[in-house]
Amino acid sequence: MTANIMQGVVVSVLWLMWSAPVSGVVSSTHKCNMVDLTHELSNDSLQFPTNPYFQFLIGVREQFPNYWYESNTFSSPEHLGTHLDSPAHFYKDAWRVHEIPVDRLIGPLVKIDITRRAAENPNVAVTVDDLLNWERKHGQIKKGSIVIMDSGWADFWPDRLKTFGDTDVTNWKAQDGTSKLRYPGWSIEAIDWLLKNRLPFGIGVDTPSLDPGSSTLFPVHVKTGSYNVYGLENVANLKLVRESGAVAVVMPIKIRGGSGAPVRIVALNGRCDLTGQVTPETHPTHTGYLSHQTSPRDNEHHYNHATHTKLDHSDAGSDFRMNSPGYMDIEGSL
């Protein structure tokens, strides 16, 4: 796929997102079933203990002689609500938010459902067996996928006690140094297997952190950062997305130097009518991602800093297929 076509797909997706109805989680606008995987940001949004709050201040909402006018201000920490963790969040010299190539922000959505186990144990974590079981049902996880854990935790939002397992906003550690937090996440074994064998672009959770709440050293954050894989936290509405067959579109605020950013995530299901929005050329199959030079440090980021081995993402396909100009098919089990 040429750079122009990839840009066309991204622009088309953004156009669909912006033209969708203002309210509602699911939209079928333009023959495309879209699910909003994002919690609203508000003064009630939950922040990680010790982090600042989100603040939204109304500036002007006033009727002028010839028009209505609104303008407001907000302030927010990077890591709040539905947000993206850049690889640099826990790994030195990895990509910061503005350095993540745009082609890594869209890819096949793989949903790992652990809701039953999570209902019985808040400290549960995604295991290698969970990934292998998914592959037995749906086939091998594609390179360039965005793999997200669904524990059912999004249903608790914005209840702090149910979401975090604790209400203390000033300290998440007990006196003995253990964590007071309780929520599901990824096991380091599953992340290690996934990063080494399937080369995803992003890892996500519907809880406050990639690491389970009981973690104090955050090994999953460190490991994903070492591979330049970003994290998605507090993902919403995953129960409305199938385990396989959707595409995730991840659009963080492009903060220069950011370790993270609020993000709008949308899942696309089925055939999307993008007529007139994509360059009218014949593109039977998208077989590879583009190689972007996004920063002077970009080349070194194709290496795993932890093992000093080269990471080859050059053949990381995404499951897009252009069957006719203006249409995007999303392959998978629908």
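Bear in mind the structure is a predicted one, so any value in this text is a computation, not a measurement.

Chemist: How would you sum up the packing of aromatic side chains? Please name residues and give values.
Modeler: Geometry of an aromatic ring pair is reported as the spacing of the ring centres plus the angle between the planes. Enumeration according to the criterion identifies 9 aromatic pairs in this entry. Joined through ring pairs, the aromatic side chains of Phe48, Phe90, Phe164, Trp172, Tyr183 and Phe218 make up one cluster.

Chemist: Which residues make up the nonpolar core, and what values do they have?
Modeler: Among the nonpolar cores identified, the biggest contains 32 residues, and Ile112, Val126, Leu131, Val147, Trp186, Leu194 and Ile203 are the most heavily contacted of them. Examining the composition of this core, we find that 5 residues originate from one element, helix H5 (residues 188-197), more than from any other. When residues no more than four places from it in sequence are discounted, the contact partners of Leu194 are Leu131, Ile141, Val147, Trp186, Leu199, Pro200 and Ile203. Judged by nonpolar contacts, the second largest core, of 23 residues, contains Leu84, Leu109, Leu238 and Ala267.

Chemist: Give me the pairing of strand S3 (residues 55-63): which residues, what numbers.
Modeler: Taken together, the 8 bridges between S3 and strand S4 (residues 68-75) define a ladder with antiparallel strand orientation. Bridge pairing in S4 links Gln63 to Trp68. In this structure, the hairpin formed by S3 and S4 is closed by a connection of 4 residues.

Chemist: Can you explain helix H3 (residues 128-138)? Please cite residues and give values.
Modeler: Three or more residues of H3 are buried, namely Asp130, Leu131, Trp134 and Glu135. Projected down its long axis, H3 shows its buried positions confined to an angular sector of 135°, all on one face. Facing away from the buried side of H3 by over 90 degrees, the exposed positions are Arg136 and Lys137. In this fold, the buried residues of H3 make contact with strand S6 (106-113), helix H2 (115-120), strand S7 (125-126), strand S9 (185-186) and H5. Once H3 finishes, Gly139 follows within two positions and takes phi at roughly 95°, a positive value.

Chemist: Let's hear about the confidence of the model for the protein chain: which residues, and what values?
Modeler: Summarising the model, the protein chain shows a mean pLDDT of 81, and 71% of its residues fall at 70 or more. Contacts for the low-pLDDT stretch residues 1-23, under 50 throughout, to residues beyond four places or in other chains number 48 contacts.

Chemist: How would you explain the pattern of salt bridges if you had to name every residue and give the values?
Modeler: Counted by the stated rule, this structure contains 11 salt bridges. Among the ionic pairs, Glu70 bridges to Arg61, the shortest N-O distance being 3.8 Å. Judged by relative accessible area, Glu70 falls into the partly exposed class, the value being 43%. Residue Lys196 pairs with Asp192 through a salt bridge whose shortest N-O separation is 3.2 Å. Residue Lys196 and its partner Asp192 are both found in helix H5; the two are separated by 4 residues, about one turn of the helix. A relative accessible area of 21% places Asp192 in the partly exposed class. Connected via shared salt-bridge partners are Asp166, Asp168 and Lys180.

The rules behind the values
- Residues numbered from 1 in each chain as written.
- Predicted model: local features only at pLDDT ≥ 70, side-chain atom pairs only at ≥ 80, totals over all residues.
- Heavy atoms only, no water.
- Phe/Tyr/Trp six-rings, centres within 6.5 Å; stacked < 30°, edge-to-face > 60°.
- Core = buried A, V, L, I, M, F, W, Y, C linked by side-chain atoms within 4.5 Å.
- Buried < 20%, exposed > 50% of the residue type's maximum accessible area, 1.4 Å probe, protein only.
- Helix = DSSP H or I, 4+ residues; strand = E, 2+ residues; numbered from the N terminus.
- Contact = heavy atoms within 4.5 Å.
- Pairing = 2+ DSSP bridges.
- Arc of directions from axis to C-beta.
- pLDDT = per-residue confidence, 0-100.
- Salt bridge = Lys/Arg side-chain N within 4 Å of Asp/Glu carboxyl O.

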